[in-house]
Structures are given as structure tokens and as C-alpha cells.
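Single-letter residue listing:
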Amino acid sequence: DVAAAAAGADAVAFCVNPPLSTWETTFPPLLSATLTALQPTSSTLLFPANVWIYGPGRGGSTDEDTPPSPTSARGRLRVAMEEKLKASGVRARRLRLPEFYGEHVVTLTAHAIARVLRGARVYWPGDADAVVEFVYLRDAARALVDVAVLDDDAPDLFHLPGTVTTPRQFLAEVGRAAGVPARVTSVPAPLLQLAGRFDATLGAVADIGHLWRAP
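As the structure is a computational prediction, the values presented were derived from the model and not from experiment. All chains use their own residue numbering, which begins from 1 and follows the written sequence. Owing to the predicted nature of the model, reporting of local features is limited to residues with pLDDT of at least 70; listing and counting of side-chain atom pairs is limited to 80 or more, with chain, interface and lining totals taken over all residues. With hydrogens and water excluded, all non-hydrogen atoms of the structure serve as input to the side-chain values.

Caption draft 1: View of the pairing of strand S3 (residues 92-97). Burial status follows relative accessibility: with a 1.4 Å probe on protein chains alone, a residue under 20% of its type maximum counts as buried, one over 50% as exposed, and anything between as partly exposed. Secondary structure counts use DSSP, requiring at least four H or I residues in a row for a helix and at least two E residues in a row for a strand, with both numbered from the N terminus. By the criterion of burial, S3 is predominantly enclosed, with 6 of the 6 residues buried. Every second residue of S3 is oriented toward a common face, with Ala92, Arg94 and Arg96 on one face and Arg93, Leu95 and Leu97 on the other, all of them buried. For two strands to pair, DSSP has to find at least two bridges joining them. Two strands pair when backbone bridges link them, and strand S2 (residues 44-50) and S3 are joined in this way by 6 bridges, in the parallel orientation. Each residue of the ladder has a partner; that of Pro48, found in S3, is Leu95.

As C-alpha cells, then:
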């Protein structure tokens, strides 16, 4: 199916995103199927990478030369996927994104936005006042296309910075745009880890909790 969909394409974007709680079992075969389909072709694979490959203590800044330092299971998985991509022989380019939001997005941030719009309190899994970056999905898509049409000798990795803000400030802007108050409560890491023992999705969020505690 992937080979048929990609037939004749100059570029193919790997924009699948399985449920967070099943990443470790569902993501590897999805990537394998895509690489197998593209190996006989000259198509460029566009791979939206993430910042989960970096552990805490980075000082709030990374660039394309910063080596991976994963401390979470999902961060290690994403490193392994990028290594598999580089070793596949498929022509590929990676665009590393911070947390993104927008239409049809199903992420932690999207869940928080939905609660604000319903007038419900948001329980943010970490420090709601920590410095983070968010990127609007349409901006990310435009950047992905820009990367796709670069010359052959262009680098294979680009970082796309987002808007520097905090979860509380960001959700307050959502509330102001919608005309509703945004009520946000930080959930301490120990409580999130405890909840993760009983809920697979919360356990997955706790796994990458350092992203919401440090800049």
C-alpha cells in the first residue's frame, strides 16, 4: 500500500503518529514498511523528528550538531528510528520540531486546548510556567515542503524553532482568543508517575516528563 501511494512521488512525508501509549510497538513497523517501499525509488523521505531525543540539562538550547542524549524510553525509540533511517540507503531529510499544535492534531497540547475551549480546568503534566516552544502545524508543514525542494547537496537535518512561551501563557492566549478563561494547574512529577502506573497514556507522558520541567 505504501509503495502504491508513493509511486512516482518526488518526496514522501512520514506523517503518521500512532497513539503515544503504543509507540514502542507500532512505530518501528510503520517506519520499516515505509523504508522498504522507498528503497527501490529515488524519492526523498521527509521525516518530522522531535526533541525527545534530548535529555534534561541541555541548557535550553540545541542545534543540528547536538548529539542525542535520551533519558526516556520514547526518546531512545526515536533515536533508534533516526539511526535506522540513516542506515537504510533511502534519501531522507529530517525536520526536528518542538511540540506542535493545530487542526487535526492529537497531542498533549491539543488535549489541553480542548479543555480550555470546554471551560474545563487543564492539568498540565509538569511545570506550567517552564519555558517551552510550540510550533503551529501549518508552519511546520510549510517548512517540511521547503526542506523537500532543497538542492541535493543540502544538509539532511534541520531544526525548526517555535514560539518561546510557557504552557500557562500559551493556554491563556487560547482562552483570550476563544473568550473563555484558561484555568491551568501544574501536576507534580511524582503524582504523574503514580498515575502512570494505572493509565498507559499517562505513563507515556510521565516517560517524557523532563520536557515539561526544564527549558
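After presenting the structure, the write-up continues.
Caption draft 2: Region of interest: the pairing of S2. Among the 7 residues of S2, 7 are classified as buried, and the element is accordingly described as predominantly covered. Across 3 bridges, the pairing between strand S1 (residues 11-13) and S2 is parallel. Residue pairing for S2: Val12 is matched across the bridge by Leu45. Each parallel crossover has a hand, and for S1 linked through helix H2 (residues 23-38) to S2 it is right-handed. If you view a crossover with the strands going away from you and the path from the first strand over the helix to the second runs clockwise, you call it right-handed.

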